[in-house]
Amino acid sequence: MTLKLNDKYLSKFVTQDDYNKIKPTLESAYQTLTSRTGKGNDFLGWIDLPVNYDREEFERIKSAAKRIQNSCDVFIVIGIGGSYLGARAAIEFCKGQKYNALKKSTPDIYFSGNDISASNISELLEICEGRDVCVNVISKSGTTTEPAIAFRIFRDMLYKKYGKEEAVKRIFVTTDRCRGKLKELSDAEGYETFVVPDDVGGRFSVLTPVGLLPIAVAGIDISDMMKGAADARENYSLCDIEKNDSLKYAAIRNILHAKGKSVEILASYESALAMTAEWWKQLYGESEGKENKGIFPASVSFTTDLHSMGQFIQQGSRIMFETVIDVQNSDSKVLIPYDESNSDGLNFIAGKDMHYVSRTAFKGTAIAHTDGNTPNIVLELEKRGAYEFGYLVYFFELACGISGYILGVNPFDQPGVEEYKKNMFALLGKPGYEELGKQLLDKI
């Protein structure tokens, strides 16, 4: 199995009676999702996406990726939230955190437009000096503040560096099919465009052109990634908790939540999964966190965070549970050398592979944390690769939709996100927000 849910560390926290009690609600939520009759059903395109996507556009993505690889040293991906987290997660998952520093035939890939930091933009502009650059801006509307500012800056840089005719060939836009300011600009300037599907929300969009173009530029096999997602879709098509681990994961989360566990910590012993955790946090936080409901999503990277957060997880307030992604196999083999002096006292592990030691640390930690009354859900992932990433993405997306309906919320909207945007526009003096701006000034 590519991915297997191991529940052996849950025996004292989740009983068969718990499963029996949640089963009717779980099955109802699954049917609501798959029959597309629940709240937010306009945004369920991701369910069949692995087998129902635009093949012609998919081939254009591959073609564009090759042209980008051949024409630039630096590829700037501009987007925020779901417009960048999935792609960055996939690249680090498959290629590692140090992708940009590795010897490779593909461009360095940097992400911008996900904050409003002057220093970040300035440093990235400096990195681009003397190097060939291509840009991919990702925004359905083109008016989201953070990416819109970044695109202005990098578009200006490209036009000055190459002139308009050449710069146009280096700008790739992922936006709405027919409307929006960015689509209008792209049509007017002649940028190559890819489509943000109308029926797939940003946090579910990694397997659309939103994520696939940057992923392909990194030299990752996107066909293999889609195959992994398609196989997950097939394997999780049964409404049977004993045969569907995605369904079971949704059930366990909500059983533990009902028992007072309000924080879920996603943990991994592979640093390459750090951005996968960031993607996961948006997926679950934005989907479930509404109407004063939801399980708060947090993450840690072990064993690093065992020396910082480990104490709290072990003995702090008992409001949390852990979901551990246990990568079973590694392509990297690093043996620990023997030291004649044994000055560090580690000769007892000399000759052992570091991945073996890491997985042993996981087992010891899982026992300690469950003994400390922190339940552990373990997701055993065969290895890191494009296929496995696609499979894992579908597993989490399906469970997220089911879990949201169990909570009784719309898992596919994000009304709260719009509040800060309105306030920021008003305080910056955007036309049409004058009255709100006056009200806000009284609160500052």
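Residues numbered from 1 in each chain as written. Predicted model: local features only at pLDDT ≥ 70, side-chain atom pairs only at ≥ 80, totals over all residues. Heavy atoms only, no water.

Caption draft 1: Summary view of the sheet that holds strand E3 (residues 108-112). Strand order in the open sheet formed by five strands is E3-E2-E4-E5-E6, and the pairing between neighbours is parallel. A strand with exactly one partner marks an edge of an open sheet, and here the two such strands are E3 and strand E6 (192-195). The mean inter-strand angle of the sheet, taken between neighbouring strand axes irrespective of direction, is 20°. Of the pairings in the sheet, the one linking strand E4 (residues 133-138) to strand E5 (residues 171-175) comprises four bridges and is parallel in character. Its bridge partner lying in E5, valine 137 is registered against valine 173. Set on the sheet, helix H4 (residues 118-128) makes contact with strand E2 (74-78), E3 and E4; between it and E3 the angle comes to about 155°. (Pairing = 2+ DSSP bridges. Helix = DSSP H or I, 4+ residues; strand = E, 2+ residues; numbered from the N terminus. Axes fitted to C-alpha atoms, helices over the stretch in contact; angles between N-to-C directions. Contact = heavy atoms within 4.5 Å.)

Caption draft 2: Spotlight on the side chain of serine 139. With respect to the helices and strands, serine 139 occurs in the loop between E4 and helix H5 (145-162). Residue serine 139 is classed as buried on the basis of its relative accessible area of 6%. (Buried < 20%, exposed > 50% of the residue type's maximum accessible area, 1.4 Å probe, protein only.)

Caption draft 3: Quick peek at the packing of helix H11 (residues 274-288) against helix H14 (residues 386-407). Put simply, H11 and H14 touch, their axes get as near as 9 Å, and they point 20° apart. Taken together, the axes of H11 and H14 lie roughly parallel to each other. Crossing of H11 over H14 shows right-handed handedness. On H14, the residues touching Thr276, Trp279, Trp280, Leu283, Tyr284, Ser287 and Glu288 of H11 are Phe389, Leu392, Val393, Phe396, Glu397, Ala399, Cys400, Ser403, Gly404 and Leu407. (Parallel < 35°, antiparallel > 145°, perpendicular 65-115°, else oblique. Left-handed = near helix turned anticlockwise from the far one by under 90°.)

Caption draft 4: Fine view of helix H13 (residues 354-371). For H13, with 18 residues, the first-to-last C-alpha span of 26 Å sits near the 26 Å given by 1.5 Å per residue. Within H13, the full set of buried residues consists of His355, Ser358, Arg359, Phe362, Thr365, Ala366, His369 and Thr370. In an axial view of H13, the angular spread of the buried residues amounts to 120°, which keeps them on one side of the axis. Buried residues along H13 sit in contact with helix H12 (310-315), strand E9 (320-327) and strand E10 (376-381). Where H13 begins, the capping side chain belongs to aspartate 353, and its oxygen is found 3.1 Å from the backbone nitrogen of histidine 355. Backbone geometry just downstream of H13 places asparagine 373 in the positive-phi region, at approximately 70°. (Expected span 1.5 Å × (residues − 1). Arc of directions from axis to C-beta. Polar contact = N/O pair within 3.5 Å; in protein donor to acceptor, adjacent residues only side chain to side chain.)

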